[in-house]
Amino acid sequence: MSLALIPSALFAQGYHITGHVTGWQDGDTLLIYRVSHTDRQPLAETVVRDGKFSFSGNQADPRGVYMLVKNSYGQIPFILDNSRITFSGTAKKDTSDKIPVYTYDVSIGGSPLTDEMNEKLSVKRTLDQKYNEYHTKNASILHQLNVARAAKDSVELKRLVKSSAYQDFNHDEHQFFMAVDSAYEALYSANRDSWWGPFLMEATMNYFTDKDKPLYEKLTEKAKNTYYGKMVHEELYPSDNTGKKVPDFTLSDGKTLRDFLKGKKYVLIDFWASWCVPCRHEIPNLKKQYALYADKGLQIISISIDKDPGAWRKAKKEENMSWPGYLDQQGISSKYNVRFIPMMFLVDHEGRLISDKLRGEALATKLAELFR
């Protein structure tokens, strides 16, 4: 049967995304990801051909997603549902860094939900403007601080921190974050009765902490029972898996978690990234614990969620870790529901979870207890 004879009604099923974005090259791989703090696997993939691209699939209920060029920064957010969605516009590519960065001027047609999302998230654009304004206003003191930090001039740093200019910056920053909290609380409240409420929480926060629970609890039961309501609940109220076996995984060199468990009493699985300041602050503590207990049966595995392999290799070399380190190219962090980093999973020789809440002194105390 030729395509011409297939009833056109069949094409109405599922979603169909087509478009042309000037600046994307033939052969570029386009990826669609879900808006999620934990899911780092692409939902769909296609390749630009003759300057055009297309995706097809099925998504019965709406999902917040974003499209990007593989191995680049810059993304186009939209709402995916079973519609005919079109993209047109331009992509400006900046190759001054190791990973190219795209800036987009793109129109999206055939997606009323995307238009609605953009209207709801206009508050974010307002906040971005406020952020730029107070940073521009305080540019001089911020520049002086950066120069002093780069020179490791502690005397100058102390002087600057005591200055009236720095106090003004602190005041402006405090006012800004108060405005952020107020604006987002109002946004979630205005959408508390539908999937938009929890979706907007997921889309505007990088991760959740206990202080965000009251925001979730203001959602109606209807909103909580949606896909995004359940997603946010799982992050805010994670299941206690203590004593349960953690997921096995296979790393880029073929080794599995089971391989690392052999002959060891405990394994610490450390999720981190080169750009994560708290992660790198934790590394000296990991080195200390590894030096104390490696010969007694402790194994550490560091798994980076970096998108840039070069940045990961550079940080790995700088930190000079003496235990195995890998780049997460297999979606291991998603398997482990990693909600923020650093996040570490301490398991026993059978792969049963002892704790996923240990860092710093708490980790040192627990290891001292286990190896007593």
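To keep things clear, this report deals only with the structure shown in the data block. (Residues numbered from 1 in each chain as written. Predicted model: local features only at pLDDT ≥ 70, side-chain atom pairs only at ≥ 80, totals over all residues. Heavy atoms only, no water.)

### Some words on the packing of aromatic side chains
Selection rule: Side-chain rings of Phe, Tyr and Trp (the six-membered ring for Trp) are treated as a pair once their centres are within 6.5 Å; stacked means planes under 30 degrees apart, edge-to-face means over 60, and tilted covers the remaining angles. In this description a helix means any DSSP run of H or I spanning at least four residues, a strand means any run of E spanning at least two, and both kinds are numbered starting from the N terminus.
All told, the structure shown has 29 aromatic pairs when counted by the stated rule. A centroid spacing of 5.7 Å and a plane angle of 20 degrees characterise the contact between Y33 and Y66, whose relative ring orientation is stacked. Here the residue Y33 occupies a position in strand 2 (residues 29–34), and Y66 occupies one in strand 5 (residues 63–69), the gap between them amounting to 33 residues. Aromatic pair Y293 and F371: ring centres 4.7 Å apart, planes at 10 degrees, arrangement stacked. Taken as a pair, Y293 in helix 11 (residues 277–293) and F371 in the segment after helix 14 (360–370) lie far apart in primary sequence, 78 residues in all.

### Notes on the nonpolar core
Here is the rule we go by: Joining through side-chain atoms within 4.5 Å is the link that ties buried Ala, Val, Leu, Ile, Met, Phe, Trp, Tyr and Cys residues into a set, and such a set is a nonpolar core. The rule is simple: take the accessible area with a 1.4 Å probe, protein chains only, and divide by the maximum for that residue type; under 20% is buried, over 50% is exposed, in between is partly exposed. Note on contacts: a residue pair is in contact if any heavy atoms of the two residues lie within 4.5 Å.
Core analysis: the biggest nonpolar cluster contains 44 residues, and F249, L257, I269, F271 and Y336 have the highest contact counts within it. Only helix 10 (257–261), strand 9 (266–272), helix 11, strand 10 (298–304), helix 12 (309–319), strand 11 (325–327), strand 12 (343–348) and helix 14 provide two or more residues apiece to this core. Sort the elements by how many residues they give to this core and strand 9 lands first, with 6 residues. If sequence neighbours within four positions are ignored, L257 has contacts with V246, P247, D248, F249, V267, I269, I301 and Y336. L68, L187, L200 and M201 belong to the second largest nonpolar core, which has 40 residues in total.

### Here's the deal with the pattern of salt bridges
Convention followed: Just to be clear on terms, a salt bridge is a Lys or Arg side-chain nitrogen sitting within 4 Å of an Asp or Glu carboxyl oxygen.
Under the counting rule described, the total for this entry stands at 18 salt bridges. Between E319 and R280 there is a salt bridge, with the nearest N and O atoms lying 2.7 Å from each other. Placement of E319 in helix 12 and of R280 in helix 11 is noted, with a sequence separation of 39 residues between them. The class of E319 is buried, set by a relative accessible area of 14%. A residue is classified by how much of its surface remains accessible, and R280, at 22% relative accessible area, is partly exposed.

### Some thoughts on the sheet that holds strand 1 (residues 15–22)
The strands making up a sheet associate through hydrogen bonds between their backbones, and the pairing can be parallel or antiparallel. This is how the line gets drawn: Pairing between two strands is assigned when DSSP locates at least 2 bridges connecting them. What counts as an axis is a line fitted to C-alpha atoms, over the stretch in contact for a helix, and the angles between N-to-C directions run from 0 to 180 degrees.
A sheet is described by the order of its strands in space; here 4 strands give the open sequence 4-1-7-8, paired in mixed fashion. Across the chains shown, the open sheet's two edge strands, defined by having one partner strand only, are strand 4 (53–57) and strand 8 (101–109). Neighbour to neighbour, the strand axes of the sheet diverge by 25 degrees on average, direction disregarded. Relative to strand 4, strand 1 runs antiparallel, the two being bridged by 5 bridges. Within strand 4, the position partnered with Y15 by the bridge is G57.

### Points about the pairing of strand 2
Of all the 6 residues making up strand 2, 5 are buried; the element is thus mostly covered by neighbouring parts of the structure. Judged from the 4 bridges that link them, strand 2 and strand 3 (residues 44–47) form a sheet pairing that is antiparallel. The residue of strand 3 that forms the bridge with T29 is V47. Sheet analysis places strand 2 next to strand 5, joined by 5 bridges and oriented antiparallel. From the neighbouring strand, Y33 faces strand 5, where its bridge partner is Y66.

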